[in-house]
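Secondary and tertiary structure notes
Residues per chain, in single letters:
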Amino acid sequence: MSSTELPFVPPANVLPKVAPVRVAEGERLRSVGLPGITLTVRSRPPAREGLPPALSVHGLGGSSQNWSALMEQLEHDVDGEAVDLPGFGDSPPPDDGDYSVSGHARAVIRYLDASGRGPVHLFGNSLGGAVATRVAAVRPDLVRTLTLVSPALPEIRVQRTAVPTALLAVPGVAALFTRFTKEWTAEQRVRGVTALCYGDPGRVTPDGFRNAVEEMERRLQLPYFWDAMTRSARGIVNAYTLGGQHALWRQAERVLAPTLLVYGGRDQLVGFRMAQKAARAFRDSRLLTLPEAGHVAMMEYPQTVAAAVRDLFAETDASGYGGGDFDGYGRGAGASVRGAGMSSPSSTSSTTGAGS
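Residues numbered from 1 in each chain as written. Predicted model: local features only at pLDDT ≥ 70, side-chain atom pairs only at ≥ 80, totals over all residues. Heavy atoms only, no water.

Scanning all chains against the criterion turns up 18 salt bridges. Between Arg310 and Asp77 there is a salt bridge, with the nearest N and O atoms lying 3.0 Å from each other. Of the two residues, Arg310 is situated in helix H12 (residues 302-319) and Asp77 in the loop between helix H1 (68-73) and strand S4 (79-84); the sequence distance between them amounts to 233 residues. Residues Asp113 and Arg139 are paired through a salt bridge, measuring 3.0 Å at the closest nitrogen-oxygen approach. Highlighted residues: Asp113 in helix H2 (residues 101-115) and Arg139 in the loop between helix H3 (127-138) and strand S6 (143-149), separated in sequence by 26 residues. For Asp113, a relative accessible area of 41% translates into the label partly exposed. Note on Arg139: relative accessible area 23%, which makes it partly exposed. Sharing partners across several salt bridges, the network here consists of Arg30, Asp79, Glu81 and Arg117. (Salt bridge = Lys/Arg side-chain N within 4 Å of Asp/Glu carboxyl O. Helix = DSSP H or I, 4+ residues; strand = E, 2+ residues; numbered from the N terminus. Buried < 20%, exposed > 50% of the residue type's maximum accessible area, 1.4 Å probe, protein only.)

This is the structure:
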């Protein structure tokens, strides 16, 4: 079954009523209607007017809540927003049922074009990292800088711990998994996700864990939850097999925006060994390696990631790159490659609900 086939979604009048999505103090949530999709956008008003816009894109099974901690850290630096991709968070499924990486990228582009906020500082984690890479490659005018946390870029040797997630793409597996785990509580599911996505699950606070359990309970009531997960997982696998100009590594090489790459040494879903390959692929890159972090470094170590992001902004301001200044060879002004590893950070996070 193709990821672009129209999914079955019950009519709105028979959808179960679910609990409202959690909105942290200082955040706002709004619904944006666009052709073929409706997106929920989470925002944190900037500390002062005139700050540059930013947009963050979550991973598979995640939501805009995954960026709450980092958005709070950067409220003095950017006018921050995070989007719920179609079928995730509080965004309903897309009308055309397209959960491919390109489909999600089109949703992000559609929102940026409609909002007129570009060029933005674009952030992406895992699946969102692949989506953000594609957006930056095909629409450089929309991206001022690019920050990728454990981006889901193709790997020849996938880690064993990532295989179960990839298997969701196989027809019938999601149905089998649903039947096998039907007795699992939301708390058990959250503990499993946390163990998979965090380098140290102990960093999740009690409040953060409770919030994640509430969100999991809400999502499990959505009739399209597993459909969105399955088709998006299939979309990642399909993107890994694409060749030519649509290949993700080829598109990474085309990205003009100054790029910050963040990799965790304890990531069980994206190989830490991919960090150096990514640093070579993105033409104007900086590499932040966090040995103790897992798959969602922006949730585990938001202070450390925020500091690296500020350094990226400072370099970008100094070079004068603004998301549209290209030379005759398609290169951004001041293109260079830098790598900087960092030791284990000591910052803390109180937010959970990670996706892959």
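This brings us to the confidence of the model for the protein chain. The predicted model of the protein chain has a mean per-residue pLDDT of 82, with 77% of residues at 70 or higher. Segment residues 1-15: pLDDT under 50, and 30 contacts once partners within four positions in sequence are set aside and those in other chains are kept. pLDDT under 50 marks residues 166-170. Its contacts with residues more than four places away, or in other chains, come to twelve contacts. (pLDDT = per-residue confidence, 0-100. Contact = heavy atoms within 4.5 Å.)

Further remarks concern the pairing of strand S5 (residues 120-125). Within S5, six of the six residues are buried, which leaves the element mostly enclosed by the surrounding structure. A two-sided burial pattern is seen for S5, the buried positions comprising Val120, Leu122 and Gly124 on one face and His121, Phe123 and Asn125 on the other. Here four bridges tie strand S3 (residues 53-57) to S5, and the two strands are oriented parallel to one another. Among the inter-strand pairings, Ser56 is bridged to a residue of S5, identified as Phe123. Examined bridge by bridge, S5 and S6 share six bridges and lie parallel to one another. Bridged to Gly124 within S6 is Leu148. The handedness of the S5 to S6 crossover, carried by H3, is right-handed. (Pairing = 2+ DSSP bridges. Right-handed = clockwise from strand over helix to strand, strands pointing away.)

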